[in-house]
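For reference, the chains in residue letters:
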Amino acid sequence: MQLTNLYQGFRDPATIHSLANEITKLASKLDSDVNIMEVCGGHTHTIMKYGLLQLLPENIKFIHGPGCPVCVMPKERIDHAIALANQPNVILVSLGDMIRVPGSTGSLANHRAKGCDIRPIYDPLDTLKIAEDNPDKTVIFFAIGFETSTPMTAVLIEQAEQQGVNNLLFHINHVLVPPAIDAVMSEKNAKVNAFIGPAHVSVISGSKIYQTAVDQYRTPVVVSGFEPVDVMQSILSIVKQKAANEARLEVQYTRSVTFDGNVHAQQLVNRYFELRDEFRWRGLGPIAKSALKLKAEFIQRDAEHHFKSVLPTEPIDDHKACQCGDILRGLASPKECKVFGRGCSPQTPLGSCMVSSEGACNAYYRYGEIPHG
């Protein structure tokens, strides 16, 4: 089987236009706007890259959500990574996009240029070899991500435990989707009245995690794949629910997502992690029970415990000109930010929404046909 066989049918223009026509006909019967938040940045890029906005009627609007793990990382957590990287005999390891996110004293890339041993990776298990190859160093994995990537960190911990790799520590920044949805919907000026649920998160967690939001807010949630036909089918499902005055949980991405999800992965995560009392999200502020931490029995691997005396504790606000917080809360779009495409670009980002390859600002900059200058 060739790679094109896996996606070709999902990028068929005739199918996409047929779905757009069906959405337009049905949406014309609605008496109010459908404000859809696509929680995941991957969906934002699909919408922008394939020009789906231009195919849809004016009463179908998108609000870009906080489902990008890099985008929601507050500056003080970036400063944690920088402080750790500046400790003697420390190697800091993290996923690629994190390296360029600005903290209060620059980015990890800036500090790497100054001599800190900071290594971007794309497979968390590469960290194990780095630790094994450097037994005289403390290797710290700066772990980020939603439910999608948390099992990979759990596997890394398990491997380190089984192999006795004792110089590997963890700084845990794994966050959860349902509390973020609650935070968005609790906003006084919240506009969202439907959600496209993230695909990869749901493969792990199952679609069951969205049922509470559907019931509590009377809001349709459709879990979608990332291809353009996936997204258009999901939009059609939402519009059909709105036309019928319904709010249900649906899974469009049935080829990968079940109601219960990957139970083995969930058990692995529960073996090593527990809920934090609170975690501060960039743009959303502190959210109770919205992130994970290592269980007390693994405290010997907790970098926040070992290096507590050098880690900043005060929250740090974003650049005053940056509207990333409003964008993550669904209160503004990237093109409404005064520095978008001017002082803020992927090459010189002021905010995390421009840094990340999944960020809404990054998507608008790359695909939005908005003048740069």
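For the structure itself, consult the block above.
Let me begin by describing the structure that accompanies this report. Note that the structure is a prediction, hence the values are computed from the model and not measured.

Thoughts on the sheet that holds strand β5 (residues 138-145)
Within the open sheet, the four strands sit side by side as β4-β3-β5-β6. Their pairing is parallel. Pairing within the sheet leaves two strands with one partner each, and these edge strands are β4 (118-121) and β6 (168-174). Across the sheet, the axes of successive neighbouring strands diverge by a mean angle of 20°, strand direction being ignored. As judged from the four bridges shared by strand β3 (residues 90-95) and β4, these two strands associate in the parallel manner. Within β4, the position partnered with Leu92 by the bridge is Ile118. The strands touched by helix α8 (residues 150-163) are β5 and β6; relative to β6, the strand with the most contacts, the crossing angle is about 165°.

Considerations on helix α2 (residues 13-27)
Side chains of residues three or four places apart in an α-helix project in the same direction, reflecting 3.6 residues per turn. Taking 1.5 Å per residue as the helical rise, α2 with its 15 residues ought to reach 21 Å, and the 21 Å between its terminal C-alpha atoms agrees with that figure. In this fold, the buried residues of α2 make contact with α4 (52-55), β2 (60-67) and α12 (228-243).

Section: helix α9 (residues 177-185)
By the criterion of burial, α9 is predominantly enclosed, with seven of the nine residues buried. Turning to α9, its buried residues number three or more, namely Val177, Pro179, Ala180, Ile181, Ala183, Val184 and Met185.

Observations regarding the nonpolar core
The biggest cluster of nonpolar side chains holds 75 residues, and the ones touching the most others in it are Leu92, Met98, Ile140, Phe195, Tyr210 and Trp281. Of all hydrophobic cores here, the second largest spans 25 residues; its members include Phe141, Ala143, Ile172 and Tyr272.

Side note on the packing of helix α3 (residues 41-49) against helix α17 (residues 360-367)
Remark: α3 packs on α17, axes separated minimally by 9 Å, with the N-to-C direction vectors making an angle of 15°. Taken together, the axes of α3 and α17 are roughly parallel relative to one another. The interaxial crossing formed by α3 with α17 has right-handed handedness. Packed against α3, whose contacting residues are Thr44, His45, Met48 and Lys49, the element α17 presents Ala360, Asn362, Ala363, Tyr364, Arg366 and Tyr367 at the interface.

How each quantity is defined
- Residues numbered from 1 in each chain as written.
- Predicted model: local features only at pLDDT ≥ 70, side-chain atom pairs only at ≥ 80, totals over all residues.
- Heavy atoms only, no water.
- Pairing = 2+ DSSP bridges.
- Helix = DSSP H or I, 4+ residues; strand = E, 2+ residues; numbered from the N terminus.
- Axes fitted to C-alpha atoms, helices over the stretch in contact; angles between N-to-C directions.
- Contact = heavy atoms within 4.5 Å.
- Expected span 1.5 Å × (residues − 1).
- Buried < 20%, exposed > 50% of the residue type's maximum accessible area, 1.4 Å probe, protein only.
- Core = buried A, V, L, I, M, F, W, Y, C linked by side-chain atoms within 4.5 Å.
- Parallel < 35°, antiparallel > 145°, perpendicular 65-115°, else oblique.
- Left-handed = near helix turned anticlockwise from the far one by under 90°.

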